[in-house]
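Observations on chain architecture
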Amino acid sequence: MTSFERLKAYAEQKLAQLEASGQRRSLTETAREAGGRAARAGRPVISFCDNDYLSLSHDPRVMQAAAEAALAYGAGSGGSRLITGNHPLNSALEARLADLKGTEGARVFGSGFLANLGTIPALVGKGDTIVMDELAHACMHGGARLSGAEVRLFRHNDVADAARQMRGAGGQVLLLTETVFSMDGDLAPLSELGALAEATGAWLMTDDAHGLGITKQDNPAQIQMGTLSKAVGGYGGYVCGPAPLMDLLTSRARSFVYTTGLPPSVLAAAIAALDIIQAEPERRAKASRHAALFCELMGLPAPESVIVPIIIGPEAEAMRVSAALLERGYLVTAIRPPTVPAGTARLRVTFATGHEEADIRAFAGALKDIMEQACAAIS
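Scoring rules and cut-offs
- Residues numbered from 1 in each chain as written.
- Predicted model: local features only at pLDDT ≥ 70, side-chain atom pairs only at ≥ 80, totals over all residues.
- Heavy atoms only, no water.
- Pairing = 2+ DSSP bridges.
- Helix = DSSP H or I, 4+ residues; strand = E, 2+ residues; numbered from the N terminus.
- Contact = heavy atoms within 4.5 Å.
- Axes fitted to C-alpha atoms, helices over the stretch in contact; angles between N-to-C directions.
- 1 Å grid on protein atoms, 1.4 Å probe; cavity = no way out; pocket = protein on both sides within 12 Å on 5 of 7 lines; lining within 4 Å.
- Points joined across faces, edges and corners; volume = space filled by probe spheres on them.
- Nonpolar A, V, L, I, M, F, W, Y, C, P; charged D, E, K, R; others polar.

**So, the sheet that holds strand 13 (residues 334-335)**
In spatial order, the strands read 11-14-13; together these 3 strands make up an open sheet with antiparallel pairing. Single-partner strands in this sheet number two, and they are strand 11 (307-313) and strand 13. Taken together, the 6 bridges between strand 11 and strand 14 (residues 345-350) define a ladder with antiparallel strand orientation. Each residue of the ladder has a partner; that of Val-308, found in strand 14, is Val-349. Contacting strand 11, strand 13 and strand 14, helix 12 (residues 315-327) crosses the sheet at an angle of about 35° to strand 14.

Take a look at the structure:
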């Protein structure tokens, strides 16, 4: 058997294992449109699972800003930001982010994943300790492992357990959490974690990927990162904090130093979107009303964000409910392990400004009908 044949056999064996466990993933073409609409494999659907919470990716003003920047400055940045990729729009966007977050400075990265992968190892290393919420995003876990620091997980949103994990911690302690948890939509106890950090000398770093532009929280974190690919509607990531830290990241964050800068069109779109977010708070209010209405119709507790999980449990059943919804014209992909803990496969339902009340009512009716049919079949 040749090396090529052994590689194919290895991949096929691993795929078979994933297939047997219900965890094999595949790609389906999805052409997103305005108003929460999309074409899934050519079929018209209403999407209730993407992260474009404020429906800004298709806002004409954002699209126009991107188009004008591409025509004026070209399609790409030409290199890393330390070479030729530090287009002036980077500084403009970083100034807007720092102003929005109330920090001394900001640094834009290629993505939120890259921001965490680069920032965490730049802050702590061998001999230091990371204390992290167990449900923090995979990129926080990835950055923590890359740092070489000791990693201690605390029970989700349990400040007392976080304090216990800090006892006897070596070196500098970095406390990590999300502001809005991506799979459950619940909020972190930021004020309590901030007080814990101050009392122990730890640095608090938060991931605001799913909170920016959506939730209003006082954030005491010294280091605040997030993305430009959710409510902002585009792409990229950022870190906000003290000005010297931003300068340190410029030299020490490997995912900043060794990656190409964002294209001018992406930077311009983000600036336009942030302007809209600040000028039009009703966009956030509308998306939040949609989430609240859905929970009311489904008999669920009031939501903390625009993310509402419907926990199904078995992976196969979550896939079945998702497929049944698609048949009725609603796109809600099933979320399965390892993205979520075993036994908690779910529908991660998200709501956006572009949805209308009639969309929410019709979707809730379809989901209730499918769930009731499933319960009847079991009984």
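**Some remarks on empty space enclosed by the protein**
All chains considered together, the criterion is met by 2 cavities of 30 Å³ or more. The volume enclosed by the largest cavity comes to roughly 90 Å³. In this structure, the largest cavity is lined by 17 residues; those nearest its centre are Arg-32, Gly-36, Asp-50, Asp-52 and Ala-352. Taken together, the residues that form the lining of the largest cavity break down as 6 nonpolar, 7 polar and 4 charged. Each pocket or cavity is described by its volume, and for the second largest cavity that value is around 60 Å³. Contributing to the lining of the second largest cavity are Arg-81, Val-108, Phe-109, Gly-110, Ser-255, Phe-256, Thr-259, Thr-260, Gly-261 and Leu-262. Elements supplying a minimum of two residues to the lining of the second largest cavity: strand 4 (105-109) and helix 9 (254-257). When grouped by side-chain class, the residues that make up the lining of the second largest cavity number 4 nonpolar, 5 polar and 1 charged.

**Some thoughts on the sheet that holds strand 1 (residues 30-32)**
Pairing in this open sheet of 4 strands is mixed, and the strands run 1-2-3-12 from one edge to the other. In this open sheet, the two edge strands, each paired with only one partner strand, are strand 1 and strand 12 (330-331). Direction of pairing for strand 3 (residues 43-47) relative to strand 12: parallel, over a ladder of 2 bridges. Across the sheet, residue Ser-47 finds its bridge partner in strand 12, namely Leu-331.

**Things to note about the layout of surface pockets**
In this structure, the largest pocket encloses a volume near 1,200 Å³. Contributing to the lining of the largest pocket are 45 residues, with Arg-40, Cys-49, Thr-333, Ala-334 and Ile-335 lying nearest its centre. For the lining of the largest pocket, the elements supplying multiple residues, two or more each, are helix 1 (3-20), strand 1, helix 4 (112-123), strand 9 (223-227), helix 12, strand 12 and strand 13. In terms of residue count, helix 12 provides more of the lining of the largest pocket than any other element does, 4 residues in total. Taken as a whole, the second largest pocket encloses approximately 450 Å³ of empty space. Contributing to the lining of the second largest pocket are 22 residues, with Leu-100, Leu-212, Gly-213, Thr-215 and Lys-216 lying nearest its centre. The residue inventory of the lining of the second largest pocket, partitioned by class, reads 7 nonpolar, 9 polar and 6 charged.

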